[in-house]
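Geometric and topological summary
Each chain is listed here by its residues.
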Amino acid sequence: MRLTFSASLWQWQVRTDSWWFVTVPPEESDTLAELPLPPRGFGSIKVTVTVGATTWSTSVFPSDEQRGYVLPMKKAVRVAEGLEPGAVVDVVLEPVGL
């Protein structure tokens, strides 16, 4: 399964030093929520992500505040892809273990 979407880069206000995310849109979040994957910590789902020329492994996490899953965007990816706060990020997300 491959999900493709665009979303704005935002900073978590609790930890403004290094925690940046994009919110997985509602339709794609609903698809993720329905996956028959084994439960993991905090309801997370392991994924492989591609943004531009950068691909990495991480997890998406459910967020009541964002009403969907959130994808952490590590600094190395933001720097490599030239992503600034508020940038619209084109994401390819693939759940692992299906």
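Just above sits the structure.
The text that follows walks through the structure, step by step, so that each part is easy to find. Note that the structure is a prediction, hence the values are computed from the model and not measured.

Bringing the overall build of the protein into the picture now. Helix and strand counts for the protein come out as 2 helices and 6 strands. When the helices and strands of the protein are listed from N to C terminus, the series reads β-β-α-β-β-β-α-β. Radius of gyration (C-alpha) of the protein: 13 Å, near the 13 Å computed for a compact globule of 98 residues. The dimensions of the protein, computed from C-alpha atoms along their principal axes, are 35 × 30 × 20 Å. Every one of the 98 residues in the protein was classed for burial, and the buried ones make up 39%. Put simply, 58% of the contacts in the protein that link residues at least 6 apart link residues at least 24 apart. If you sum the accessible surface of the protein, you get close to 5900 Å²; carbon and sulfur atoms cover 53% of it. Treating the 8 positive side-chain charges of the protein as one cloud and the 11 negative ones as another, the clouds have centres 10 Å apart.

Okay, unusual backbone geometry next. Although it is not a glycine, Arg-67 adopts a positive phi angle of roughly 55 degrees. Looking at where Arg-67 falls in the secondary structure, it is placed in the loop between strand S4 (54–63) and strand S5 (68–72).

The final tally for this structure, using the stated rule, is 4 aromatic pairs. Ring geometry for Trp-12 and Phe-21: centres 6.5 Å apart, planes at 85 degrees, overall edge-to-face. Overall, the relative accessible area of 33% leaves Trp-12 in the partly exposed class. With relative accessibility at 9%, the residue Phe-21 sits in the buried group. Three or more aromatic residues joined by ring pairs form one cluster here, namely Trp-10, Trp-12, Trp-19 and Phe-21.

Turning to the environment of Leu-83, a few remarks are in order. When you line up the elements, Leu-83 lands in the loop between helix H2 (75–80) and strand S6 (88–95). For Leu-83 and Met-73, which are 10 residues apart along the polypeptide, the C-alpha to C-alpha distance reads 9.7 Å. Those residues in contact with Leu-83 that sit more than four places away from it in its chain are Leu-9, Val-51, Met-73, Arg-78 and Val-89.

Procedures and definitions
Residues numbered from 1 in each chain as written. Predicted model: local features only at pLDDT ≥ 70, side-chain atom pairs only at ≥ 80, totals over all residues. Heavy atoms only, no water. Helix = DSSP H or I, 4+ residues; strand = E, 2+ residues; numbered from the N terminus. Rg over C-alpha atoms; globule rule 2.2 N^0.38 Å. Buried < 20%, exposed > 50% of the residue type's maximum accessible area, 1.4 Å probe, protein only. Contact = heavy atoms within 4.5 Å. Areas by Shrake-Rupley, 256 points an atom, 1.4 Å probe, with all protein chains shown as cover. Lys, Arg positive; Asp, Glu negative; His and termini not counted. Charge placed at Lys NZ, Arg CZ, Asp CG, Glu CD. Phe/Tyr/Trp six-rings, centres within 6.5 Å; stacked < 30°, edge-to-face > 60°.

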